[in-house]
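# Structural overview
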Amino acid sequence: MNALSPRVQELLLHRTGLITEEDLKLLSEKERTELILELQRLSTLDFLTGLPNRRFFETDIRRLVERRARKGGVPFVIGMADVDHFKSVNDIHGHKVGDSVLHVVARCLSRGIRPEDRVCRWGGEEFALFLECVDNEKAFEIAERIRASVERSLFVAEKHGKEFKVTISIGLVDSSLIPLNMPPNKQIEELLFFADKALYVAKNGGRNNVRSADGPSNRRQWTHQEPVPIEKRKK
């Protein structure tokens, strides 16, 4: 908020309830515009991790999928990442430490992608990735770099001060699996479906790994199965 005027910063930092008409009367027209733009920006963010939230990600992905159709199939890869055994982290170390884990994982994801890529907090301990203009091989390299970065991170348990580590599993799907003539909403639905299934395979494959939905055999195998809900997956 450094670029905002002092009165707007004060209002955002210290206002505990809804912003009222009386609050707005205290601001100049320029300050009201600043406030509106800042509130719009904040509405697209996840407050814990600072990453874009799911709502913003889904809107952004739809725009990029539509652009792909116009430009004749610019390749991209969607990924779903999930922190392994996260429920145990919260149960053993407490939610404050769990929040710290999510914050560090988010930082590893943000630092591991390229400027043209996107990452968001999808929900709970799950994150979504959009890797632009890449094939599955390059996306795998990026995802593996992120996975290794998380694995190297150290956390401290508040109760006894001992260090511990966490890992993540990542599932990827290449846009080439989905026909270009499919409606954008359906393309996104299918891509997220296959990315989620690839993540499930990574979980069942021992966790702390990257798996891809990269071939027709996988597609046939998964077409008639529903994605496993997050709460029922192996953690």
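Below you will find a few notes about this structure. Bear in mind that the values here come from a model prediction, so they are computed numbers and not experimental data. (Residues numbered from 1 in each chain as written. Predicted model: local features only at pLDDT ≥ 70, side-chain atom pairs only at ≥ 80, totals over all residues. Heavy atoms only, no water.)

## Digging into the pairing of strand β3 (residues 126-132)
With respect to burial, β3 is a largely interior element, seven of its seven residues being buried. Covered by surrounding structure in β3 are Glu126, Ala128, Phe130 and Glu132 together with Phe127, Leu129 and Leu131, the residues of both alternating faces. One ladder, built from seven bridges, connects strand β1 (residues 76-83) with β3; its direction is antiparallel. What sits directly across from Ile78, in β3, is Phe130. Connecting the antiparallel pair strand β2 (residues 118-123) and β3 is a turn made up of two residues, with Gly124 showing a positive phi of about 60°. (Buried < 20%, exposed > 50% of the residue type's maximum accessible area, 1.4 Å probe, protein only. Helix = DSSP H or I, 4+ residues; strand = E, 2+ residues; numbered from the N terminus. Pairing = 2+ DSSP bridges.)

## Brief notes about unusual backbone geometry
Of note, Cys133 is a non-glycine position whose phi angle comes to about 55°, a positive value. In this structure, Cys133 sits in the loop between β3 and α7 (136-152). Residue Arg207 is not a glycine yet carries a positive backbone phi of 65°. Along the chain, the position of Arg207 falls in the loop between α8 (184-204) and β7 (210-213).

## As for the side chain of Thr49
As for its placement among the helices and strands, Thr49 is situated in the loop between α3 (29-42) and α4 (54-70). For Thr49, the side chain forms a polar contact with the side chain of Asp46, separated by 2.6 Å. Contact partners of Thr49, with chain neighbours within four places excluded, come to Leu102, His103, Ala106, Arg121 and Phe127. (Polar contact = N/O pair within 3.5 Å; in protein donor to acceptor, adjacent residues only side chain to side chain. Contact = heavy atoms within 4.5 Å.)

## Some details on the pattern of salt bridges
Overall, the coordinates contain 17 salt bridges when judged by the stated rule. Across the pair Arg62 and Glu66 runs a salt bridge whose closest N-O atoms are separated by 3.0 Å. Within this pair, Arg62 and its partner Glu66 are both found in helix α4, separated by four residues, close to a single helical turn. Overall, the relative accessible area of 32% leaves Arg62 in the partly exposed class. Taking relative accessible area as the criterion, Glu66 reaches 26% and is therefore assigned partly exposed. For Arg67, the salt bridge is made with Glu132, and the minimal N-O distance between the two is 1.8 Å. In this pair, Arg67 is assigned in helix α4 and Glu132 in strand β3, connecting sequence segments 65 residues apart. By relative accessible area, which is 10% here, Glu132 ends up buried. Among the ionic contacts, a cluster of salt bridges with common partners joins Asp60, Arg63, Arg67, Arg118 and Glu132. (Salt bridge = Lys/Arg side-chain N within 4 Å of Asp/Glu carboxyl O.)

## Brief notes about empty space enclosed by the protein
Per the stated rule, a full pass over the model turns up one cavity of 30 Å³ or more. Space inside the largest cavity adds up to approximately 60 Å³. Taken together, Leu64, Arg67, Arg68, Val74, Pro75, Phe76, Phe130 and Glu132 make up the lining of the largest cavity. The leading source of residues in the lining of the largest cavity is α4, at three residues. When grouped by side-chain class, the residues that make up the lining of the largest cavity number five nonpolar, no polar and three charged. (1 Å grid on protein atoms, 1.4 Å probe; cavity = no way out; pocket = protein on both sides within 12 Å on 5 of 7 lines; lining within 4 Å. Points joined across faces, edges and corners; volume = space filled by probe spheres on them. Nonpolar A, V, L, I, M, F, W, Y, C, P; charged D, E, K, R; others polar.)

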